[in-house]
Amino acid sequence: MSFAHVSVLAEETLNYWVHDVQGLYVDATTGAGGHSFRLLEAYPEAHLIALDQDPAALAAARETLAPYADRVSFVHGNFRDLSTVLDPAVRGAVAGILFDLGVSSPQLDNPERGFSYQHDAVLDMRMDPDSPVTAFRLVNMKSKDEIARALQDWGEERWAQRIAEFIVKARQKEPIRTTGQLVELIKAAIPASARRTGGHPARRTFQALRIWVNDELGALEEGLEAAVHTVAPGGRIVVISFHSLEDRIAKHTFRQWGQEHLGKVLTRHPVGPDEEETDTNLRARSAKLRAFERE
Ligand SMILES: C[S@@+](CC[C@H](N)C(=O)[O-])C[C@H]1O[C@@H](n2cnc3c(N)ncnc32)[C@H](O)[C@@H]1O
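As the structure is a prediction and not an experimental result, all values here were calculated from the model.

What counts and what doesn't
Position numbers for residues start from 1 in each chain and track the written sequence from start to end. Given that the model is predicted, a residue must reach a pLDDT of at least 70 before its local features are reported, and side-chain atom pairs must reach 80 or more before they are shown or counted; all residues, however, enter totals for whole chains, interfaces and linings. Note that the side-chain values use all heavy atoms of the structure and ignore hydrogens as well as water. Proximity is defined per residue: if any heavy atom of the residue lies within 4 Å of a molecule or strand, that residue is considered near it. For every accessible area listed, the method is Shrake-Rupley and the probe measures 1.4 Å; residues are considered covered only by the protein chains on display. In the scheme used here, Gly and all other residues not listed as nonpolar or charged are polar, with Ala, Val, Leu, Ile, Met, Phe, Trp, Tyr, Cys and Pro taken as nonpolar and Asp, Glu, Lys and Arg as charged. By the criteria applied, helices consist of DSSP H or I runs no shorter than four residues and strands consist of E runs no shorter than two, each listed in order from the N terminus. Per-residue accessibility, obtained with a 1.4 Å probe over protein chains only, is compared with the maximum for each type, and a residue is labelled buried under 20%, exposed over 50%, and partly exposed between these values. We call two N or O atoms a polar contact when they sit within 3.5 Å, provided that within protein one can donate a hydrogen and the other can accept it, with sequence-adjacent residues counted only if both atoms are side-chain atoms. To obtain each axis, a line is fitted to C-alpha atoms, and for helices this fit is confined to the stretch in contact; angles are then taken between N-to-C directions over 0 to 180 degrees. Should an angle lie under 35 degrees it is considered roughly parallel, over 145 roughly antiparallel, and from 65 to 115 roughly perpendicular; all remaining angles are considered oblique. Should the near helix be turned anticlockwise from the far one by less than a right angle, the crossing is termed left-handed; should it be turned clockwise, right-handed. When checking whether two residues touch, look at their non-hydrogen atoms; a contact exists if any pair is within 4.5 Å. Salt bridges are defined as contacts in which a side-chain nitrogen from Lys or Arg sits within 4 Å of a carboxyl oxygen from Asp or Glu.

Observations concerning the site of the ligand
Right, on to step 1. Taken together, 26 residues form the shell around the ligand, and within it Ser-7, His-35, Asp-52, Phe-79 and Asp-100 come nearest.
Right, on to step 2. Taking 600 Å² as the accessible area of the ligand by itself, protein coverage stands at 98%.
Right, on to step 3. For the shell around the ligand, the class distribution of residues is 8 nonpolar, 14 polar and 4 charged.

Right under this line is the structure:
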């Protein structure tokens, strides 16, 4: 499997993330190591802790970052546990932490992981394969109301109620095991006229399930809270988000920290990709970067 993930907002990220050329940095979402590689390449005296909850991503990052192995340590864990997974000695001493949220292209492209509505696979969607919650479990065990609310809140799916009804009806006959079965149910639930607009009909449901399986918004809130106590004075926290729910959390948290005099927001408006990047990297289109500097 190749890890052909193109790092989003690569140059802008380095500009906000790095302020101390000899600093210790944390990549809280290392993925295949794209942003990490650029940091270590550009700053020969910088050190890095590369964290990810997906062991497959970390294995790929080990390969990507091999030329700089003497300056990197790898940690498997969830960034929500940042304060416990990092060595206590680095608490308050980190120069910058990067959160490049969401799944990496290889997770999406590996059909077995069940993230994609384009491939038929078991309903999984866990970024951390050790986590007990799978999409199968949620789709087959949660109540109709819980499913509808999740699709509404995290997928902003207009047809949430109908999709939840179709799911609950179908699973009375037999469990919904695959992404393919789920896609067919979603298509049946959304009226044909509404299916002609708004992209793939399963996109919003899959986004909602992925957020739910991985508790992405809860993890982000806790991860940011831990991050603000992990960076040194002058240290930076950078968040790249891909949908409005994540961006809202970053925006509100940074604003709140500003009011609490923990430091200052460096991005009055979120930084987005330029035309060249959106032309070459589809995933970059919805990217928004926000940065905060600790006092
Ligand atoms: C968009 S990719 C990162 C890509 C990377 N910046 C690059 O340039 O190659 C996001 C990564 O973050 C990881 N991730 C998402 N949420 C996480 C969390 N709560 N804790 C740890 N890792 C997480 C995913 O497993 C995935 O590998």
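Looking at the environment of Ala-66
Right, on to step 1. Among the structural elements, Ala-66 can be located in the loop between α3 (55-64) and β3 (72-76).
Right, on to step 2. You can call Ala-66 partly exposed: its relative accessible area is 45%.
Right, on to step 3. C-alpha of Ala-66 to C-alpha of Phe-37: the two residues are 29 residues apart in sequence and 9.4 Å apart in space.

Some words on the side chain of Gln-53
Right, on to step 1. Looking at where Gln-53 falls in the secondary structure, it is placed in the loop between β2 (47-52) and α3.
Right, on to step 2. Within the structure, the side chain of Gln-53 is placed 3.4 Å from the side chain of Asn-78, a separation counted as a polar contact.

Overview of the packing of helix α8 (residues 160-173) against helix α9 (residues 179-189)
Right, on to step 1. Contact geometry for α8 and α9: axes closest at 9 Å, N-to-C directions at 130 degrees. Put simply, α8 runs oblique to α9. With respect to the hand of their crossing, α8 and α9 are arranged in right-handed fashion. Contact residues: α8 offers Arg-162, Ile-163, Phe-166, Ile-167 and Ala-170, while α9 offers Leu-182, Leu-185, Ile-186, Ala-188 and Ala-189.
Right, on to step 2. Its residues assigned to classes, the contact of α8 with α9 comprises 9 nonpolar, no polar and 1 charged.

Some details on the environment of Val-75
Right, on to step 1. Within the fold, Val-75 resides in strand β3.
Right, on to step 2. Residue Val-75 is classed as buried on the basis of its relative accessible area, which comes to 17%.
Right, on to step 3. For the pair formed by Val-75 and Ser-105, sequence separation is 30 residues and the distance between their alpha carbons is 21 Å.
Right, on to step 4. Beyond its immediate chain neighbours, meaning those up to four positions away, Val-75 contacts Ile-49, Ala-50, Leu-51, Asp-52, Leu-58 and Val-85.

Points about the pattern of salt bridges
Right, on to step 1. Summed over the entire model, instances satisfying the criterion amount to 9 salt bridges.
Right, on to step 2. The partner of Arg-80 in a salt bridge is Asp-215, with the nearest N and O atoms 2.9 Å apart. Within this pair, whereas Arg-80 is found in the loop between β3 and α4 (82-85), its partner Asp-215 is found in the loop between α11 (203-213) and α12 (216-228), the two being separated by 135 residues in sequence.
Right, on to step 3. In this structure Asp-215 comes out as partly exposed when scored by relative accessible area, which is 36%.
Right, on to step 4. The partner of Arg-204 in a salt bridge is Glu-157, with the nearest N and O atoms 3.0 Å apart. With Arg-204 in helix α11 and Glu-157 in the loop between α7 (144-155) and α8, this residue pair connects regions lying 47 residues apart in the sequence.
Right, on to step 5. On the accessibility criterion, Arg-204 (17% relative accessible area) is buried.
Right, on to step 6. The network of salt bridges with shared partners includes Arg-80, Asp-215 and Glu-222.

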